[in-house]
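Descriptive structure summary
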Amino acid sequence: MLRITNIMMPDGTRQNIEISLSQDITIDGTNLLALPGLIDPHVHFRVPGLEDKEDWQHASVAAIKGGYTTVFDMPNTKPATTTKERLDSKFAVINQQLQEVNIPLKYKLFFGADKNQFHEIYKVKNDIVGIKVFMGASTGDLLMDDESSLHAIYALAKAHDLIIALHAEDELIIRENAQKYASETDFKYHSIIRAPEAAVKAVDLVIKLTEMYGVTSYILHVSTANELELVRKAKERGLPIFVETCPHYLFLDDSMYPQLNGRAKMNPPLRSKQDQDILWNALNNGVIDTIGSDHAPHKLGEKEQPLCKCPSGVPGIETSLPLLITAWKNGKTTLEKIAQLTHDNPKKLFDLPDNDDLVLVDIENYRELKDEHMATKCKWTPFVGMKLTGFPRYVFTQGRLFDCDKL
Ligand code: DOR
Ligand code: ZN
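First things first, this report covers the structure right here in the doc.

1. Side note on the site of ligand 1
Around ligand 1, 13 residues are found, and the nearest of them are R46, N76, S138, T139 and N267. Residue N76 places a side-chain N or O atom 2.8 Å away from an oxygen atom belonging to ligand 1. Contact distances for ligand 1 include 2.8 Å between an oxygen atom and a backbone N or O atom of N267. For ligand 1, whose accessible area on its own is 290 Å², the fraction buried by protein is 100%. Here ligand 1 is seated within the largest cavity.

Spelled out as structure tokens, the structure:
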């Protein structure tokens, strides 16, 4: 039996918890907070083909150390996950990698939308968590920037009752800006090229498609005030639109390029402090539904290249929860809200079964984030140097208790 005494719950009460376990273990919960096993609806664990950046042996450890027991992985791998054959082989490789490290991480896969492979969707519809659409190009070669293909994918999603997850940035605006600023070398131009207008235009189109087809749209990594305003109004009208934001938009902003350079390059890019303030309001008042880490590792050597060569993406699955818990300590949000965003809402939206996963989070000790502490294969964090609390101490999942300090 696992006995946890006097542990704090998200509503602030203290409880004793008992869970069936093969050994007898008692944990003093006085300095700990109990959360359900967290769900990260947006990770890039890079398998197959990009294992120099990340693999499931490393990423599963990073997930458990971050308090996550379920993840949804993205299809922009090499090759991209756009056929049944590739999906099946991806499942097989992931299962093998998880078996090697003996980590029972639960996962689901998004299927990549590719206009040349539409016929594959009906073959995989029961095996995937949803369809991922890149309206703007990012890492990898997935792109669907023409309206007729977008209509076609919404019609397919409707026919097969699938959720569409969208990378909503307008490709044309980005390409025009990229040409205009082609000779710039300062990383701040990344935020100027991938301007807020590109995100807003794409979100506007997503809302129209959602209304037209009645398909559930999950807008990934929302980062600007104006996108949120569109979403707020669409939700008010009862449209099935759900939105995610990511820790980097909540804890970093576009004034930080001078210190972070390539470490701050991701798509969509960092935004202004004003956008960030509005993101926090939207998070607290229910416009934002989930937090995804968008864990998108690249090697530090790649990130240290000049702007034009530096790939977009940052790791984040091990730092999301400590950032949020530290924000709670600083009065920015509540523990109940954190539990909603990282568990209750994604569970409901993606219709996941109940489980008894539990994360015991240390809410008293502060630790400075260092690259070398990271379990991700890429071994760096854009939040380097921040002093955070809220690191998971133990994770219970599928009958096993993990001591996070020993992973
Ligand atoms: O910054 C990003 N990195 N944004 C994306 O859309 C993709 C991701 C990646 O896979 O590297
Ligand atoms: Zn992503």
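2. Some points on unusual backbone geometry
Here K78 and P79 are connected by a cis peptide whose omega angle stands at 0°. Among the structural elements, P79 can be located in the loop between β6 (68-73) and α2 (84-101). That bond from N267 to P268 is cis: its omega, -10°, falls within 30 degrees of zero. Backbone geometry at Q398 places phi at a positive 50°, although glycine is not the residue there. Note on placement: Q398 falls in the loop between β16 (391-397) and β17 (400-403).

3. Notes on the coordination of the zinc ion (ligand 2)
Every protein donor of the zinc ion (ligand 2) is accounted for by H42 (NE2), H44 (NE2) and D294 (OD), and the metal-donor separations fall at 2.0 to 2.2 Å. Each donor residue of the zinc ion (ligand 2) belongs to the same chain, and together they define the spacing H-x1-H-x249-D. Each member of the pair, H42 together with H44, is buried.

4. Side note on the packing of aromatic side chains
Applying the stated criterion across every chain, the model contains ten aromatic pairs. Here a set of aromatic residues connected by ring pairs shows up, and it is made of F45, W56, F91 and Y107. The lysine or arginine in question, R393, covers the ring of Y394, its NZ or CZ lying 4.7 Å from the ring centre.

5. A closer look at the sheet that holds strand β9 (residues 164-167)
Read across the open sheet, the eight strands follow the order β5-β6-β7-β8-β9-β10-β11-β12; overall the sheet is parallel. Unpaired on one side and paired on the other, β5 (38-43) and β12 (290-291) mark the two borders of the sheet. Bridging between strand β10 (residues 217-219) and strand β11 (residues 241-245) involves three bridges; their strand directions are parallel. Looking at β11, one finds that S217 is bridged to I241.

6. Here we look at the packing of helix α1 (residues 56-65) against α2
In the contact formed by α1 and α2, the axes pass within 8 Å of each other and the chain directions differ by 65°. Crossing geometry of α1 relative to α2 is assigned as right-handed. Here W56, Q57 and S60 of α1 come into contact with α2, specifically with I94, Q97, L98, E100 and V101. Of the residues belonging to the contact of α1 with α2, the class tally is four nonpolar, three polar and one charged.

7. Let's talk about the pattern of salt bridges
Evaluated as defined, the whole model comprises 27 salt bridges. As a salt-bridge pair, D371 and R263 come within 2.7 Å of each other at their nearest N and O atoms. Linking D371 in the loop between β14 (367-368) and β15 (387-388) with R263 in the loop between α10 (257-260) and α11 (273-284), this pair joins segments that are 108 residues apart in sequence. For the residue pair D371 and R263, the accessibility class agrees, reading buried in each case. Between K347 and D354 there is a salt bridge; the shortest N-O distance is 2.6 Å. The structure contains a network of salt bridges with shared partners spanning E229, R232, K233 and E236.

8. Examining helix α8 (residues 225-236)
Between the first and last C-alpha of α8 there are 17 Å, a value that for twelve residues agrees with the 16 Å anticipated at 1.5 Å per step. Those residues of α8 that sit buried are A225, E227, L228, V231 and A234. Each element contacted by the buried residues of α8 is listed here: α7 (196-213), β10, β11 and α11. Among the residues trailing α8, G238 stands out with phi positive, at a value near 85°.

9. Description of the nonpolar core
In this structure, W56, I131, V133, M135, I153 and I219 are the most contacted members of the largest nonpolar core, which totals 103 residues. Contacts of I219, omitting those with residues within four sequence positions, involve L166, A168, V203, V206, V231, I241, F242, V243 and E244. Counting 14 residues, the second-largest nonpolar core is a separate cluster that includes I7, M9, I17 and I27.

10. Comments concerning the layout of surface pockets
Its boundaries defined by the atoms lining it, the largest pocket holds a volume of some 480 Å³. As for the largest pocket, its lining consists of 23 residues, and the residues nearest its centre are H190, I193, K265, L307 and C308. When contributions to the lining of the largest pocket are tallied by element, the ones reaching two or more residues are α5 (171-180) and α6 (188-193). With four residues, α5 is the single largest residue contributor to the lining of the largest pocket.

11. Overview of the pairing of strand β8 (residues 130-134)
Most of β8 sits inside the fold, with five of its five residues counted as buried. Pairing of strand β7 (residues 106-112) with β8, which is carried by three bridges, proceeds in the parallel orientation. If you follow G112 over to β8, its bridge partner there is K132. Bridge analysis of β8 against β9 gives four bridges, and the strand direction is parallel. By the bridge assignment, K132 is partnered in β9 with A165. In this fold, β8 hands off to helix α4 (residues 147-160), which returns the chain to β9; that crossover is right-handed.

About the criteria used
Residues numbered from 1 in each chain as written. Chains lettered and ligands numbered in written order. Predicted model: local features only at pLDDT ≥ 70, side-chain atom pairs only at ≥ 80, totals over all residues. Heavy atoms only, no water. Near = heavy atom within 4 Å. Polar contact = N/O pair within 3.5 Å; in protein donor to acceptor, adjacent residues only side chain to side chain. Areas by Shrake-Rupley, 256 points an atom, 1.4 Å probe, with all protein chains shown as cover. 1 Å grid on protein atoms, 1.4 Å probe; cavity = no way out; pocket = protein on both sides within 12 Å on 5 of 7 lines; lining within 4 Å. Sits in = over half its atoms within 2 Å of the grid points. Helix = DSSP H or I, 4+ residues; strand = E, 2+ residues; numbered from the N terminus. Donors = N, O, S within 2.8 Å, 3.2 Å for Na, K, Ca; no water. Buried < 20%, exposed > 50% of the residue type's maximum accessible area, 1.4 Å probe, protein only. Phe/Tyr/Trp six-rings, centres within 6.5 Å; stacked < 30°, edge-to-face > 60°. Lys NZ or Arg CZ within 6 Å of the ring centre and 35° of its normal. Pairing = 2+ DSSP bridges. Axes fitted to C-alpha atoms, helices over the stretch in contact; angles between N-to-C directions. Left-handed = near helix turned anticlockwise from the far one by under 90°. Contact = heavy atoms within 4.5 Å. Nonpolar A, V, L, I, M, F, W, Y, C, P; charged D, E, K, R; others polar. Salt bridge = Lys/Arg side-chain N within 4 Å of Asp/Glu carboxyl O. Expected span 1.5 Å × (residues − 1). Core = buried A, V, L, I, M, F, W, Y, C linked by side-chain atoms within 4.5 Å. Points joined across faces, edges and corners; volume = space filled by probe spheres on them. Right-handed = clockwise from strand over helix to strand, strands pointing away.

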